[in-house]
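What the coordinates show
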2 protein chains.
Amino acid sequence: MAYRTTEARLDRDQALRERILACALQRVSAGGFAALTMQALADDVGIATGSLYRHFRSKGELAAEVFASASQREVDALAVQLRQPGSAAQRLREGLQQFAARAWHSRRLAFALIAEPVEPEVDEQRLLYREAYAELFIDLLEEGRRSGEFQVDQVGLAAACLVGAIAEALVGPLSPPARAARAAGHPSLELAQVSASLVTFCLRAVGAKESTR
Amino acid sequence: MAYRTTEARLDRDQALRERILACALQRVSAGGFAALTMQALADDVGIATGSLYRHFRSKGELAAEVFASASQREVDALAVQLRQPGSAAQRLREGLQQFAARAWHSRRLAFALIAEPVEPEVDEQRLLYREAYAELFIDLLEEGRRSGEFQVDQVGLAAACLVGAIAEALVGPLSPPARAARAAGHPSLELAQVSASLVTFCLRAVGAKESTR
């Protein structure tokens, strides 16, 4: 049987693929990767489950793509903030505040991106995106070192430490175990406290002078 | 058919289970969780693959158990170090140095435990063990705060930041991507540099006085 792939058909395929990804992101934002089942997603999109597999070979491949596009948005937002005018310390502070606020306002998604147990394909992406974040901090730390604002010997290592500290600070308060602890009567932190403590931790860690905090 | 479970049989089962776990840990130490296939493991142990499944329902369950026992060893070693006599800053410094050195000397295993993309069952364990590490740091930070050595508002948050910073500092230099970067001509860090930079980052971050570094 001859099979003619017209341009219109390719456009329709592309549009459907994007709609699938948008619906998938909605699911992950609401219930994490655990809520991203092929069956439920196909229902959301209004197609047969089999059609999903025409676009994504596996749940892992789909989850990795959702992860990458959501994470890229965060990397881009942080990059814009870190490249604002101002001192390096000020930009680090404001970058952290913005990052924490964004995570806070999409807690379920932030936890899904940072720490939810999930397919190895997503873990692979996590490693790549942690490198992308580290690259941003490397640039900022080098600037701050040149200007004398930061005291850092190994810029790459300090950047990795920042990435880890930020992720873990946010996984803590955002994670289901943390929510369970709060339900059991442990005190909950507010965004303002988390953000302020994270900023202090990070600025001190890179040797920013007290006056620039 | 009657089936008599004698004590001798239970002992044999337990001994075999432990041998399986020991062989599995050896595999992960040499090649990460990627090297832990049921087939290869059964060959190592000298049993049929089907027999493995009598002891572990799935590869994920087995991997999670290997992870937990290897991680518990690290948590215990760190706990001993952090509870030595001495000032809180000194114990934090020595705990970090020991942790980095242990990771450095078992790099493949350390990367497997901290960051290798792997089954969700292992990711679940990772979250639990990160909490176990955080608990150790919470105790130390509270001591250091009482003694005036550390300046930390939110002890739980700072502890989480430390856990994240340490993990990421070690994933960096230990990770396959980092090794690839080195192979491509980027400079490699030595244990002494990583350890010293990590100690400086963490002590500063918790507000330890310069003189105690």
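Positions within a chain are numbered from 1, following the residues in the order the chain's sequence is written. Just so you know, chain letters begin at A and ligand numbers begin at 1, following the order they were written in. Two thresholds apply to this predicted model, a pLDDT of at least 70 for residue-level local features and 80 or more for giving and counting side-chain atom pairs, whereas whole-chain, interface and lining totals are computed over all residues. Calculated side-chain values reflect all of the structure's heavy atoms, with hydrogen atoms and water omitted.

Details of the packing of aromatic side chains
Residue and element names in this part refer to chain A. Ring pairs shown here join Phe, Tyr and Trp side chains whose ring centres sit within 6.5 Å, with only the six-membered ring taken for Trp; geometry is labelled stacked below 30 degrees between planes, edge-to-face above 60, and tilted in between. The full count for this structure, using the stated rule, is five aromatic pairs over all chains. Aromatic side chains Phe 67 and Tyr 129 sit 5.9 Å apart centroid to centroid with 70° between the ring planes, which places their arrangement in the edge-to-face category. Within this pair, whereas Phe 67 is found in helix α4 (residues 59–82), its partner Tyr 129 is found in helix α7 (residues 120–146), the two being separated by 62 residues in sequence. Relative accessibility under 20% of the residue-type maximum defines a buried residue, over 50% an exposed one, and the middle range a partly exposed one, all with a 1.4 Å probe and only protein chains included. A residue is classified by how much of its surface remains accessible, and Tyr 129, at 12% relative accessible area, is buried. Helix and strand definitions follow DSSP, with helices as H or I runs of at least four residues and strands as E runs of at least two, each counted in order from the N terminus.

Section: helix α8 (residues 155–174) of chain B
Between the first and last C-alpha of α8 of chain B there are 28 Å, a value that for 20 residues agrees with the 28 Å anticipated at 1.5 Å per step. Counting buried positions over the 20 residues of α8 of chain B gives 18, a clear majority of the element. To estimate how far a helix should extend, the number of its residues minus one is multiplied by 1.5 Å.

Quick look at the pattern of salt bridges
When a carboxyl oxygen of Asp or Glu lies within 4 Å of a side-chain nitrogen of Lys or Arg, that pair is called a salt bridge. All chains considered together, the criterion is met by 20 salt bridges over all chains. Measuring nitrogen to oxygen at the nearest pair gives 2.7 Å for the salt bridge that ties Arg 17 of chain A to Glu 65 of chain A. Linking Arg 17 of chain A in helix α1 (residues 7–31) with Glu 65 of chain A in helix α4, this pair joins segments that are 48 residues apart in sequence. The class of Arg 17 of chain A is partly exposed, set by a relative accessible area of 22%. According to the relative accessible area criterion, Glu 65 of chain A is partly exposed, its value standing at 27%. The salt bridge partner of Glu 74 of chain B is Arg 102 of chain B, with a shortest N-O separation of 2.8 Å.

Some details on the relation of the copies chain B and chain A
The copies were overlaid by least squares, fitting only the C-alpha atoms of residues that reach a pLDDT of 70 or more in each copy. Superposition record for chain B on chain A: RMSD 0.0 Å, screw rotation 180°, translation along axis 0.0 Å. The two molecules are tied by a two-fold rotation axis, judged by turn and shift.

Describing the UniProt feature "domain: HTH tetR-type" (unreviewed entry) in chain A
UniProt positions are given in the numbering used here, feature names are shortened, and annotations may be inferred rather than shown by experiment. The positions that UniProt labels "domain: HTH tetR-type" (unreviewed entry) are, in the present scheme, residues 14–74 of chain A. Its end C-alpha atoms 24 Å apart, residues 14–74 of chain A is made of 80% helix and 0% strand.

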